[in-house]
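Below, each chain spelled out in residue letters.
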Amino acid sequence: MAIYDTDGHVIYSSALSLFSGNEATVTVQIDCVTGYSLYGEAVADIAVEARHGTSGGWTNIETTPLDLSAFDGSRETYQVRLTAATITAFTSRAFTLTVRRTT
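Residues numbered from 1 in each chain as written. Predicted model: local features only at pLDDT ≥ 70, side-chain atom pairs only at ≥ 80, totals over all residues. Heavy atoms only, no water.

## With respect to the packing of aromatic side chains
What counts here: Here the aromatic set is Phe, Tyr and Trp, taking the six-membered ring for Trp, and pairing holds for ring centres within 6.5 Å; pairs whose planes are under 30 degrees apart are stacked, those over 60 apart are edge-to-face, and all others are tilted. Charge-over-ring contacts are defined here by two conditions on Lys NZ or Arg CZ: a distance within 6 Å of the ring centre and an angle within 35 degrees of the ring normal.
Scanning the entire structure with this criterion turns up zero aromatic pairs. Here Arg 75 stacks its cationic end above the ring of Tyr 4, 3.6 Å away from the centre of that ring. A cation sits over an aromatic face here: Arg 100 above Tyr 39, 3.7 Å from the ring centre.

Laid out in structure tokens, this is it:
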């Protein structure tokens, strides 16, 4: 399942810069299907969280995927927030966001 930008284009990859202790929020769109969830890969020095829409609580998708079943058949907006830990030297990190069948 694809993840889209807010113009409806598939996102294959992206690069972001974060400073120590800072955060960045990215808005994406996902085609929701019953039985599928949004997963974030665990990555050192960065917290990866997401939420449906633009308000409400954040879920740590490194440990708890977001179930997409409630919005079956529609393309919904999600926000993904990346928060850097306290870092004292340049560090490069890579991780994957995935929409897949819930296991």
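## Focus: the pattern of salt bridges
What counts is decided by this rule: Criterion for a salt bridge: a side-chain nitrogen of Lys or Arg within 4 Å of a carboxyl oxygen of Asp or Glu. Secondary structure elements follow DSSP: runs of H or I no shorter than four residues count as helices, runs of E no shorter than two count as strands, and numbering proceeds from the N terminus. Exposed residues in this analysis have more than 50% of their type's maximum accessible area, buried residues have under 20%, and partly exposed residues fall in between, with area computed by a 1.4 Å probe over protein chains only.
Counted under the stated rule, the structure contains three salt bridges. As a salt-bridge pair, Arg 75 and Asp 31 come within 2.7 Å of each other at their nearest N and O atoms. Of this pair, Arg 75 sits in strand S7 (residues 75-84) while Asp 31 is found in strand S2 (residues 23-31), placing the two residues 44 residues apart along the sequence. The class of Asp 31 is partly exposed, set by a relative accessible area of 24%.

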